[in-house]
Amino acid sequence: MSMVAELIRTCARWALDFALPPRCAGCGTIVEEVHSFCPECWKQIEFLGDGGCTVCGLPLQATEVDTCAACLAKPPRVARARAAVAYGELSRNLAIRLKYGRKVAIARTMARYMAPLVDRSGDERILVPVPLHRTRLWRRGFNQSALVARELSRRLDIAANPFLLRRLKRTPPLKGMSPLQRRKTVAGAFAVRHKAAVAGKTVILVDDVLTTGSTAEACARTLKRAGAARVELVSWARVVKPSQLMR
Ligand SMILES: [Zn+2]
Ligand SMILES: [Zn+2]
């Protein structure tokens, strides 16, 4: 397609965005507020909030004060991890639609609920999306986490840099692997492009779905080696085992 046709198409899409009433990000019914959910979808979403362990964000046991036993025993490299919602049918659908549909409206909805979970204290902060391997990026044309990072950057007025981290290895899905296998698989998978851009800063990793945390830990390791002072993470959805919510 020519540049002009592409431009016209983009403009038309913008015009539609302004002209049409806001729709629920979950099911598409018309809602009153932009980038929100209808009452039916709202009921299906489990918002995780900012409580729980100060480090990993998971619910605490009665005997734990503010940090869970696991984080005390072995502090993760990601010093603060938060997710907006529990991974479920609706949150998964949203993540999939963002991944394959490049829907900016979905990125905005996610960012709306992720933004309050980002710690804004201190000034040397930078948002960095978890990168895709270039072969995947070429095929898809965009990185869904970079879209979310851009929207978060707008909301929070924190700079975002989608090119700072690079994925060197294409990694298979980590689901079903043992913790050791996962660590081995993601070891050396990432590299920092501009060390000067992370030196002394707090890097906030942005991801769409947080599963085992191994990928984020591998990113954090690379970032800290490059001189980052601290690494945090904010994601849209998190896979939470029922036992973790019950405790
Ligand atoms: Zn809905
Ligand atoms: Zn913890």
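Criteria and cut-off values
Residues numbered from 1 in each chain as written. Chains lettered and ligands numbered in written order. Predicted model: local features only at pLDDT ≥ 70, side-chain atom pairs only at ≥ 80, totals over all residues. Heavy atoms only, no water. Helix = DSSP H or I, 4+ residues; strand = E, 2+ residues; numbered from the N terminus. Donors = N, O, S within 2.8 Å, 3.2 Å for Na, K, Ca; no water. Tetrahedral: all angles 85-135°; square planar, octahedral: opposite > 155°, others 65-115°. Buried < 20%, exposed > 50% of the residue type's maximum accessible area, 1.4 Å probe, protein only. Pairing = 2+ DSSP bridges. Axes fitted to C-alpha atoms, helices over the stretch in contact; angles between N-to-C directions. Contact = heavy atoms within 4.5 Å. Parallel < 35°, antiparallel > 145°, perpendicular 65-115°, else oblique. Left-handed = near helix turned anticlockwise from the far one by under 90°. Nonpolar A, V, L, I, M, F, W, Y, C, P; charged D, E, K, R; others polar. Expected span 1.5 Å × (residues − 1). Polar contact = N/O pair within 3.5 Å; in protein donor to acceptor, adjacent residues only side chain to side chain. Patch = residues over 30% accessible without salt bridge, like charges linked within 9 Å, V, L, I, M, F, W, Y side chains within 5 Å. Areas by Shrake-Rupley, 256 points an atom, 1.4 Å probe, with all protein chains shown as cover. Salt bridge = Lys/Arg side-chain N within 4 Å of Asp/Glu carboxyl O. Lys, Arg positive; Asp, Glu negative; His and termini not counted. Charge placed at Lys NZ, Arg CZ, Asp CG, Glu CD.

A. The environment of Arg92, seen in detail. With respect to the element layout, Arg92 can be found in helix H4 (residues 89-101). It is 27 Å that separates the C-alpha atoms of Arg92 and Cys68, two residues lying 24 residues apart in sequence.

B. Quick look at the coordination of the zinc ion (ligand 2). Donor atoms from the polypeptide that coordinate the zinc ion (ligand 2) comprise Cys53 (SG), Cys56 (SG), Cys68 (SG) and Cys71 (SG), at 2.3 Å from the metal. Because the angles between the four donor atoms bound to the zinc ion (ligand 2) fall within 102 to 115°, the donor set is best described as tetrahedral. Along the chain, the residues donating to the zinc ion (ligand 2) fall in the pattern C-x2-C-x11-C-x2-C. Of this pair, Cys56 sits in the loop between helix H2 (39-44) and helix H3 (69-73) while Cys71 sits in helix H3, and the two are 15 residues apart along the sequence.

C. Local environment of the coordination of the zinc ion (ligand 1). Each protein donor to the zinc ion (ligand 1) is listed here as Cys24 (SG), Cys27 (SG), Cys38 (SG) and Cys41 (SG); together their distances run 2.3 Å. Classification of the site at the zinc ion (ligand 1) rests on its four donor atoms, whose angles at the metal span 106 to 114°, yielding the label tetrahedral. Along the chain, the residues that donate to the zinc ion (ligand 1) are spaced as C-x2-C-x10-C-x2-C. Highlighted residues: Cys27 in the loop between helix H1 (3-19) and H2 and Cys38 in the loop between H1 and H2, separated in sequence by 11 residues. Of the residues examined, Cys27 reaches a relative accessible area of 46% and is grouped as partly exposed.

D. The arrangement of the sheet that holds strand E5 (residues 202-210) in detail. Taken in spatial order, the four strands make up an open sheet running E1-E6-E5-E2, and their pairing is parallel. This sheet does not close on itself; its edge strands, each paired only once, are strand E1 (78-86) and strand E2 (125-129). Neighbour-to-neighbour, the strand axes of this sheet turn through a mean angle of 20°, independent of strand direction. The pairing of E2 with E5 spans five bridges and is parallel. Bridge pairing links Arg125 to Thr202 in E5. Across the sheet, helix H5 (residues 104-114) touches E1, E5 and strand E6 (230-238), and the angle it forms with E6 is around 120°.

E. The arrangement of the side chain of Ser235 in detail. With respect to the element layout, Ser235 can be found in strand E6. The class for Ser235 is buried, based on a relative accessible area of 0%. Those residues in contact with Ser235 that lie beyond four places of it in its chain are Arg82, Ala83, Ala84, Met114, Asp207, Asp208 and Leu210.

F. Main features of the packing of H4 against H5. Here H4 crosses H5 at 135°, and the two axes come no closer than 9 Å. It follows that H4 is oblique to H5 by the angle criterion. Two packed elements cross with a definite hand, and for H4 against H5 that hand is left-handed. Contacts from Leu94, Ala95, Arg97 and Leu98 of H4 reach H5 at Ile106, Ala107 and Met110. Tallied by class, the residues present in the contact of H4 with H5 amount to six nonpolar, no polar and one charged.

G. Spatial organisation of helix H7 (residues 144-156). For H7, built from 13 residues, the straight-helix expectation of 18 Å at 1.5 Å per residue is met to within 8% by its first-to-last C-alpha distance of 19 Å. Of the residues making up H7, those classed as buried are Gln144, Ser145, Leu147, Val148, Ala149, Glu151, Leu152, Ser153 and Leu156. Buried positions along H7 lie against H4, H5, E2, helix H6 (134-140), E5 and E6. With a side-chain oxygen positioned 2.9 Å from the backbone nitrogen of Ser145, the residue opening H7 is Asn143.

H. Molecular detail of a positive patch on the surface. A cluster of basic residues, Lys74, Arg77, Arg183, Arg221, Lys224 and Arg225, forms a positive patch on the protein surface. Element by element, the count of residues in the positive patch is highest for helix H9 (residues 214-225), at three residues. Along the polypeptide, Arg225 turns up in helix H9. Judged by its relative accessible area of 65%, Arg225 is exposed.

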